[in-house]
Amino acid sequence: DNESLITHSLYAQNIRPYMERFPREQLKLVLLEDLAAEPEQTLAACLDFLAVDASVDLNDPERRRNESKNFRKDSRLSARMRESAALRVVRDMLPAGMTRLIKRVVTREVPYEPRWEEACLDYVISSIRDDSHEFLEIADKSVDYWERV
């Protein structure tokens, strides 16, 4: 629902309790956009912040992990299987590889393209605008940062 989406998107509000309890120099804010754009530099900055030896092997920081443009949707069969307590017990006894294989067989991949109705998008933007500006200020980013990425 929209209200849940908005509540979870109020970044400044969500980090404020940490800022009230810890000095600013003990907090490191990392934006996903920075990590995606400059993974090595962003990771190096995190290691420096944590006082970890920057020569540590980061195991190919440029490689994307957990990347997905699609999601899998239950077929009627897999939806019924999920509802069956007996099948849940059997599933829990199967090796993980077998479970993944079955999931691929009984679900289908669906392209994921988020679509926003104009009125909903306007409502969400107006609801989070002030908080987003505050968060970007805390993160030392310009107010138009997300408009540029």
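In case you missed it, the structure is sitting above this.
Notes on the structure in this doc start here. (Residues numbered from 1 in each chain as written. Predicted model: local features only at pLDDT ≥ 70, side-chain atom pairs only at ≥ 80, totals over all residues. Heavy atoms only, no water.)

We note that Ala 51 has phi near 60 degrees; this positive angle belongs to a residue other than glycine. Here Ala 51 is to be found in the loop between α4 (39–49) and β1 (70–74). A relative accessible area of 70% places Ala 51 in the exposed class. Look at Asp 140: it is not a glycine, yet its phi comes out positive at around 60 degrees. Within the secondary structure, Asp 140 sits in the loop between α8 (118–138) and α9 (145–148). (Helix = DSSP H or I, 4+ residues; strand = E, 2+ residues; numbered from the N terminus. Buried < 20%, exposed > 50% of the residue type's maximum accessible area, 1.4 Å probe, protein only.)

Two elements in contact, helix α2 (residues 11–21) and α8, have axes whose closest approach is 8 Å; the angle formed by their N-to-C orientations is 45 degrees. Comparing their axes, α8 and α2 come out oblique. Note on element contacts: α8 touches α2 through Asp 131, Glu 134, Phe 135 and Ile 138, opposite Tyr 11, Ala 12, Gln 13, Ile 15, Arg 16 and Met 19. Tallied by class, residues from the contact of α2 with α8 come to 6 nonpolar, 1 polar and 3 charged. (Axes fitted to C-alpha atoms, helices over the stretch in contact; angles between N-to-C directions. Parallel < 35°, antiparallel > 145°, perpendicular 65-115°, else oblique. Contact = heavy atoms within 4.5 Å. Nonpolar A, V, L, I, M, F, W, Y, C, P; charged D, E, K, R; others polar.)

By volume, the largest pocket amounts to about 470 Å³. In this structure, the largest pocket is lined by 19 residues; those nearest its centre are Tyr 11, Ile 125, Ile 128, Ser 132 and Trp 146. The set of elements that each furnish at least two residues to the lining of the largest pocket consists of α1 (2–9), α3 (32–37), α8 and α9. When residues of the lining of the largest pocket are assigned to their parent elements, the largest contribution, 9 residues, is made by α8. Per-class residue counts for the lining of the largest pocket are 13 nonpolar, 3 polar and 3 charged. (1 Å grid on protein atoms, 1.4 Å probe; cavity = no way out; pocket = protein on both sides within 12 Å on 5 of 7 lines; lining within 4 Å. Points joined across faces, edges and corners; volume = space filled by probe spheres on them.)

With that out of the way, let us pick up the nonpolar core. One finds Ala 12, Ile 15, Leu 31, Phe 135, Leu 136, Ile 138, Ala 139 and Tyr 145 forming the largest nonpolar core, which totals 8 residues. Examining the composition of this core, we find that 3 residues originate from one element, α8, more than from any other. Beyond its immediate chain neighbours, meaning those up to four positions away, Ala 139 contacts Arg 24, Leu 29 and Leu 31. (Core = buried A, V, L, I, M, F, W, Y, C linked by side-chain atoms within 4.5 Å.)

Between its first and last C-alpha, α8 extends 29 Å over 21 residues, near the 30 Å set by a 1.5 Å rise per residue. Here α8 has its buried residues at Val 124, Ile 128, Asp 131, Ser 132, Phe 135, Leu 136 and Ile 138. Positive phi appears at Asp 140, one or two residues downstream of α8, with a value of about 60 degrees. (Expected span 1.5 Å × (residues − 1).)

Considering all chains together, one arrives at 2 salt bridges under this definition. Residue Arg 16 is joined to Glu 134 by a salt bridge in which the shortest nitrogen-to-oxygen separation is 2.9 Å. With Arg 16 in helix α2 and Glu 134 in helix α8, this residue pair connects regions lying 118 residues apart in the sequence. (Salt bridge = Lys/Arg side-chain N within 4 Å of Asp/Glu carboxyl O.)

To continue, consider a positive patch on the surface. Together, Lys 73, Arg 76, Arg 80 and Arg 108 give the surface a local cluster of positive charge. With respect to the helices and strands, Arg 76 occurs in helix α5 (residues 76–83). (Patch = residues over 30% accessible without salt bridge, like charges linked within 9 Å, V, L, I, M, F, W, Y side chains within 5 Å. Areas by Shrake-Rupley, 256 points an atom, 1.4 Å probe, with all protein chains shown as cover. Lys, Arg positive; Asp, Glu negative; His and termini not counted. Charge placed at Lys NZ, Arg CZ, Asp CG, Glu CD.)

These values are about where atoms sit, not about what they do.
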